[in-house]
Amino acid sequence: MKLITALIQPHRLEDVKKELFDADIHKMTVSSSLGCGQQKGFTETYRGVITEVNLLKKTRIDIAVNEEFVKPTIEAIIKGARTGNIGDGKIFVVDLGECIRIRTGEKGKDAIG
Ligand SMILES: Nc1ncnc2c1ncn2[C@@H]1O[C@H](COP(=O)(O)OP(=O)(O)OP(=O)(O)O)[C@@H](O)[C@H]1O
Ligand SMILES: [Mg+2]
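K.L.:
Looking at this structure, how should I read unusual backbone geometry?
P.N.:
With a phi angle near 70 degrees, D24 is a residue other than glycine that sits in the positive phi range. Looking at the secondary structure, you find D24 in the loop between α1 (13-22) and β2 (29-35).

K.L.:
Honestly, the layout of surface pockets in this entry has me stumped. Any pointers?
P.N.:
Where empty space is left becomes clear once a probe the size of a water molecule has been rolled over the atoms. Its volume calculated, the largest pocket comes out at about 500 Å³. When residues of the lining of the largest pocket are traced back to their parent elements, those giving at least two are β2, β5 (56-65) and β6 (89-95). In terms of residue class, the lining of the largest pocket is made up of 7 nonpolar, 10 polar and 4 charged.

K.L.:
Could you clarify how one ought to interpret the site of ligand 1 in this entry?
P.N.:
Around ligand 1, the surrounding shell holds 13 residues, and the nearest of these are Q38, Q39, G87, G89 and K90. At 2.6 Å from an oxygen atom of ligand 1 is found a main-chain nitrogen or oxygen belonging to G87. Between K90 and ligand 1, the recorded distance is 2.8 Å, taken from a side-chain N or O atom to an oxygen atom. In the complex, 70% of the free accessible area of ligand 1, which totals 600 Å², lies under the protein chains. Assessed atom by atom at 2 Å from the grid points, ligand 1 resides in the largest pocket. Residue contributions to the shell around ligand 1 peak at 3 residues, all from β6. Across the shell around ligand 1, the residue classes break down as 4 nonpolar, 6 polar and 3 charged.

K.L.:
Please explain the pattern of salt bridges as it appears in this structure.
P.N.:
A side chain with one charge may pair with a side chain of the opposite charge, provided their charged atoms come close. Inspection of the entire model under this criterion finds 9 salt bridges. Close ionic contact of K79 with E19 constitutes a salt bridge, the shortest N to O distance being 3.7 Å. Highlighted residues: K79 in helix α2 (residues 70-81) and E19 in helix α1, separated in sequence by 60 residues. For K79, a relative accessible area of 61% corresponds to the exposed category. Of the charged contacts, one joins K109 and E68 as a salt bridge, the two residues approaching to 3.4 Å between their closest N and O atoms. Of this pair, K109 sits in helix α3 (residues 108-112) while E68 sits in the loop between β5 and α2, and the two are 41 residues apart along the sequence.

K.L.:
Would you mind showing me how to read the sheet that holds β2 here?
P.N.:
Note: strands within a sheet are paired through backbone hydrogen bonds, in either parallel or antiparallel orientation. A sheet is described by the order of its strands in space; here 4 strands give the open sequence β2-β5-β1-β6, paired in antiparallel fashion. Edge strands, defined here as strands with exactly one partner in the open sheet, are β2 and β6. This sheet shows a mean twist of 25 degrees between the axes of neighbouring strands, independent of strand direction. Of the pairings in the sheet, the one linking strand β1 (residues 2-8) to β6 comprises 7 bridges and is antiparallel in character. By the bridge assignment for β6, A6 is matched with I91. Taken strand by strand, α1 contacts β1, β2 and β5, and its axis lies near 15 degrees from that of β5. Along the sheet, α2 contacts β1, β5 and β6; its crossing angle with β1, the most-contacted strand, is approximately 5 degrees.

So, how was this worked out
- Residues numbered from 1 in each chain as written.
- Chains lettered and ligands numbered in written order.
- Predicted model: local features only at pLDDT ≥ 70, side-chain atom pairs only at ≥ 80, totals over all residues.
- Heavy atoms only, no water.
- Helix = DSSP H or I, 4+ residues; strand = E, 2+ residues; numbered from the N terminus.
- 1 Å grid on protein atoms, 1.4 Å probe; cavity = no way out; pocket = protein on both sides within 12 Å on 5 of 7 lines; lining within 4 Å.
- Points joined across faces, edges and corners; volume = space filled by probe spheres on them.
- Nonpolar A, V, L, I, M, F, W, Y, C, P; charged D, E, K, R; others polar.
- Near = heavy atom within 4 Å.
- Polar contact = N/O pair within 3.5 Å; in protein donor to acceptor, adjacent residues only side chain to side chain.
- Areas by Shrake-Rupley, 256 points an atom, 1.4 Å probe, with all protein chains shown as cover.
- Sits in = over half its atoms within 2 Å of the grid points.
- Salt bridge = Lys/Arg side-chain N within 4 Å of Asp/Glu carboxyl O.
- Buried < 20%, exposed > 50% of the residue type's maximum accessible area, 1.4 Å probe, protein only.
- Pairing = 2+ DSSP bridges.
- Axes fitted to C-alpha atoms, helices over the stretch in contact; angles between N-to-C directions.
- Contact = heavy atoms within 4.5 Å.

Below is the structure:
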């Protein structure tokens, strides 16, 4: 099992969701987050004062999957999120030790899918 975490541009969420649904991936957690990547932020003018803003609004998507869904999930996220511009986002893939469905007590592969 893997936990796939994607940080994407908020305005790409609908496209990413569509691609995920088309790939038969329906379980996900979506949340708002703040972050910065290798550009380390940018400057903007607020009330005439140049302010450095280095945490930009991103949308975070967490999806726990069985091994056979790792590749389709990553591909769907990229398809929906990529514009070719800086800040398109990033995907982290980590080994997932366990998953438990609280209602039934099912674990692992049965609980995730
Ligand atoms: N190494 C990292 N650790 C934790 N979060 C990160 C890391 N890199 C990127 N992120 C998160 O991903 C978001 C999107 O990153 P972003 O797409 O700007 O990556 P990047 O490495 O700067 O690539 P690009 O040059 O395409 O912008 C960031 O706002 C941040 O939330
Ligand atoms: Mg960046």
